[in-house]
Amino acid sequence: MTDLPKSVQFGVQAELDKGSLFWAARYVLNIANLRYSYMSQDIAAAQQKWETEGQKVQAEVDALVLNSGRADASQAITEKYFEHADNVLKAWWDLVDQLMFKYADGWINEPKLGAAMGYPAWWLPTLMDLVL
């Protein structure tokens, strides 16, 4: 690589910047705090998807190095990693919107709009102890 993607070169806590992977991840985390027990599953699926995609990019880069030599491949490697970083940045900001829609107002809005979340399994016995 000849450089790092801009999105990973900065991230200032004092200023929201949608070009920063730091802020994309931070935004997802803060949205997830609203309903973490539900949202964590969606976040884990997105994380797995992009980690798998990153492993594919790494394999492509390894093949480039083996087939063309390090000096010849440096620009292509940089472009592949930049493209992947840009895709992850866009996907993480899209994830925020997906989570907001899916769990808006305390409901589950996918696949059916306005489905109740209900209470966790531990809640009913606790309530029954209080009532009885």
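What counts, and where the lines are drawn
- Residues numbered from 1 in each chain as written.
- Predicted model: local features only at pLDDT ≥ 70, side-chain atom pairs only at ≥ 80, totals over all residues.
- Heavy atoms only, no water.
- Helix = DSSP H or I, 4+ residues; strand = E, 2+ residues; numbered from the N terminus.
- Rg over C-alpha atoms; globule rule 2.2 N^0.38 Å.
- Buried < 20%, exposed > 50% of the residue type's maximum accessible area, 1.4 Å probe, protein only.
- Contact = heavy atoms within 4.5 Å.
- Lys, Arg positive; Asp, Glu negative; His and termini not counted.
- Charge placed at Lys NZ, Arg CZ, Asp CG, Glu CD.
- Expected span 1.5 Å × (residues − 1).
- Patch = residues over 30% accessible without salt bridge, like charges linked within 9 Å, V, L, I, M, F, W, Y side chains within 5 Å.
- Areas by Shrake-Rupley, 256 points an atom, 1.4 Å probe, with all protein chains shown as cover.
- Salt bridge = Lys/Arg side-chain N within 4 Å of Asp/Glu carboxyl O.
- Phe/Tyr/Trp six-rings, centres within 6.5 Å; stacked < 30°, edge-to-face > 60°.
- Lys NZ or Arg CZ within 6 Å of the ring centre and 35° of its normal.
- Axes fitted to C-alpha atoms, helices over the stretch in contact; angles between N-to-C directions.
- Nonpolar A, V, L, I, M, F, W, Y, C, P; charged D, E, K, R; others polar.

A. Seen up close, the overall build of the chain. Helices and strands together make up the secondary structure of the chain, namely five helices and two strands. Counting helices and strands in the order they occur from the N terminus, the chain gives α-α-α-α-β-β-α. For 132 residues, the compact-globule estimate of 2.2 N^0.38 gives 14 Å, and the C-alpha radius of gyration of the chain, at 21 Å, exceeds that figure by more than 25%. Each principal axis of the C-alpha atoms in the chain carries an extent, and together these give about 75 × 35 × 25 Å. Within the span of the chain, comprising 132 residues, buried residues form 27% of the whole. The contacts of the chain with a sequence gap of at least 6 include a subset with a gap of at least 24, amounting to 56%. Looking at the chain, you have 11 positive and 17 negative side-chain charges, and the mean spots of the two groups are 4 Å apart.

B. Highlighting helix α2 (residues 21-32). Over its twelve residues, α2 extends 16 Å from the first C-alpha to the last, a length consistent with the 16 Å expected when each residue adds 1.5 Å. Buried residues of α2: Leu21, Trp23, Ala24, Val28, Ile31 and Ala32, and no others.

C. View of a nonpolar patch on the surface. Residues Met1, Leu4 and Val8 make up a contiguous nonpolar surface patch of about 270 Å² in total accessible area. Its location among the elements puts Val8 in helix α1 (residues 6-9).

D. Spatial organisation of the packing of aromatic side chains. One pass over the full model with this rule turns up three aromatic pairs. Ring centres of Phe22 and Trp23 lie 5.9 Å apart, and the angle between their planes is 85°; this geometry places the pair in the edge-to-face category. Accessibility expressed as a relative area gives 35% for Phe22, which makes it partly exposed. Across the ring face of Trp93, the terminal group of Lys18 is positioned such that the distance to the ring centre comes to 5.0 Å.

E. Just the packing of α2 against helix α3 (residues 36-68), in detail. At their nearest, the axes of α2 and α3 sit 9 Å apart, and the two run at 145° to each other. Touching Val28, Ile31 and Ala32 of α2 are Tyr36, Met39 and Ile43, all from α3. Of the residues in the contact of α2 with α3, the class split is six nonpolar, no polar and no charged.

F. Up close: the pattern of salt bridges. Counted under the stated rule, the structure contains three salt bridges. Two residues, Lys102 and Asp42, come together in a salt bridge whose shortest N-O distance is 2.9 Å. Of this pair, Lys102 sits in helix α4 (residues 70-102) while Asp42 sits in helix α3, placing them 60 residues apart in sequence. Judged by its relative accessible area of 17%, Lys102 is buried. Take Asp42: its relative accessible area is 21%, and that puts it in the partly exposed class. Residue Lys80 pairs with Glu60 through a salt bridge whose shortest N-O separation is 2.8 Å.

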